[in-house]
Amino acid sequence: MKLKRVLCGFLSLAVISISYLTSPLEISAAREKADVIGSVKMEGNPDFDSDSIMNDETSQWRWLGYPGSRMVMNYGSPMIAKYDGKLSLDIAMAVKGFRTINSVHQILMGPRTDQAKEYMELETAWYPYKLTADAVYEEGKLHMDEFFADKDTFIRMIEVSDAADAKLQMKAPIDGITKNGNNLLIEQMEYWFVCKILKLNEDGEIIGQYEPQVSEDEWSVC
């Protein structure tokens, strides 16, 4: 299988029993017209280059949020908000309180005729608007950008190289999963979200969608 680009979009989140957020949001909206809140100039600084605060140190933080969203990705302190060997995606959510759901999406790669495995080397970087990862596997390399498309949509964009004889596997053990066409629906009492795994060409255009395989409490795509 010739590997090019894969786009993983996570569309969510639940709107069940979240009235406790109403009052803080109303207060925030009322203040949006202020020029300064605390020490923050609300009009921003058009000359500021956000890439200038990129962090690629070993102790970098890895969390990423979006204004108005109830989700934070790769949450936690610099000591715990790091990828495991499967590049697992962890989510924290403000839904009926604060809750977490981990290993929502995992990535493995290896020789086509053998098992897909964890990465051997990894370099990561944090930007205010995205997370990046560069992983080296036994067979093949991977670059990943993670970012919010909007407050309800989080994307992992994966590009592989040196992988003519490799296979890429994405999977996760997770409760409450069902298939809806080629989409994955993860549903719990307090929240739900949908996962789409799309194929891109070299120009970044969507050219297809992968069909995941679902077994009891686990999904996978090879």
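Residues numbered from 1 in each chain as written. Predicted model: local features only at pLDDT ≥ 70, side-chain atom pairs only at ≥ 80, totals over all residues. Heavy atoms only, no water.

**Concerning the nonpolar core**
Note the cut-off: Buried Ala, Val, Leu, Ile, Met, Phe, Trp, Tyr and Cys residues form a nonpolar core when they are joined through side-chain atoms within 4.5 Å. Burial classes follow relative accessibility: with a 1.4 Å probe on protein chains only, a residue under 20% of its type's maximum area counts as buried, one over 50% as exposed, and anything between as partly exposed. Numbered from the N terminus, helices here are DSSP runs of H or I no shorter than four residues, and strands are runs of E no shorter than two. Residue contacts are defined here by distance: any two heavy atoms, one from each residue, within 4.5 Å place the two residues in contact.
The biggest cluster of nonpolar side chains holds 43 residues, and the ones touching the most others in it are I107, L142, I158, M170, I197 and W219. Counting residues per element, this core draws most heavily on strand β12 (residues 166–173), which supplies 4 residues. Setting aside its immediate chain neighbours within four residues, W219 contacts V104, H105, M170, K171, A172, I174, I177, L184, I197, P212, Q213 and V214.

**Examining the confidence of the model for the protein**
To be explicit about the condition: pLDDT: the predictor's confidence for each residue, scored from 0 to 100.
Averaged over every residue, the pLDDT of the protein is 82; residues scoring 70 or more account for 84%. Put simply, helix α1 (residues 22–31) is where the protein has its lowest mean pLDDT, 43, and strand β9 (residues 130–136) is where it has its highest, 95. Here residues 12–31 is modelled with pLDDT under 50, and outside its nearest four sequence neighbours on either side it reaches 34 contacts, counting other chains as well.

**A closer look at the sheet that holds strand β5 (residues 91–94)**
Worth spelling out the cut-off: We call two strands paired when DSSP finds no fewer than two bridges between them. Interaxial angles span 0 to 180 degrees and are taken between N-to-C directions of axes, which are lines fitted to C-alpha atoms, for helices over the stretch in contact.
With antiparallel pairing, 3 strands are arranged side by side in an open sheet as β4-β5-β6. At either margin of the open sheet sits one strand with a lone partner, and together these are β4 (71–73) and β6 (98–101). Direction aside, the axes of adjacent strands within the sheet are offset by 20° on average. In this sheet, β5 lies alongside β4 in antiparallel orientation, the contact comprising 3 bridges. Residue pairing across strands places M71 opposite M93, the latter belonging to β5.

**Looking at the side chain of R156**
We apply this condition: Distance and chemistry together define a polar contact, namely a pair of N or O atoms within 3.5 Å, with one atom able to donate a hydrogen and the other to accept it when in protein, and with adjacent residues in sequence counting only for side-chain atoms on both sides.
Its place among the elements puts R156 in strand β11 (residues 153–161). For R156, the side chain forms a polar contact with the main-chain oxygen of L87, separated by 2.8 Å. Of the polar contacts made by the side chain of R156, one reaches the side chain of E146; its length is 2.4 Å.

**Thoughts on the sheet that holds strand β18 (residues 218–221)**
The strand order β7-β12-β18-β17 describes an open sheet built from 4 strands, whose pairing is antiparallel. Of all strands in the sheet, those with a lone pairing partner are β7 (106–111) and β17 (213–215), marking the two edges. Averaged over all pairs of adjacent strands, the angle between strand axes in this sheet comes to 25°, irrespective of strand direction. In this structure, β17 lies alongside β18, joined through 3 bridges in antiparallel fashion. In the sheet register, S215 faces β18, and the bridge partner there is E218.

**A closer look at unusual backbone geometry**
For L87, which is not glycine, the phi dihedral falls at a positive 55°. With respect to the helices, strands and loops of the structure, L87 is situated in the loop between β4 and β5. In this structure, S103 is a non-glycine residue whose phi angle is positive, near 55°. Tracing the backbone shows S103 in the loop between β6 and β7.

**Examining the side chain of S103**
The exposure class assigned to S103 is buried, which follows from its relative accessible area of 18%. If sequence neighbours within four positions are ignored, S103 has contacts with S88, L89, D90, A172 and P173.

**Details of the pairing of strand β15 (residues 192–200)**
The pairing of strand β14 (residues 183–187) with β15 spans 4 bridges and is classified as antiparallel. Note on β15: the bridge partner recorded for E187 is W192. From the end of β14 to the start of β15, which pair antiparallel, there are 4 residues. Of the pairings in the sheet, the one linking β15 to strand β16 (residues 206–209) comprises 3 bridges and is antiparallel in character.

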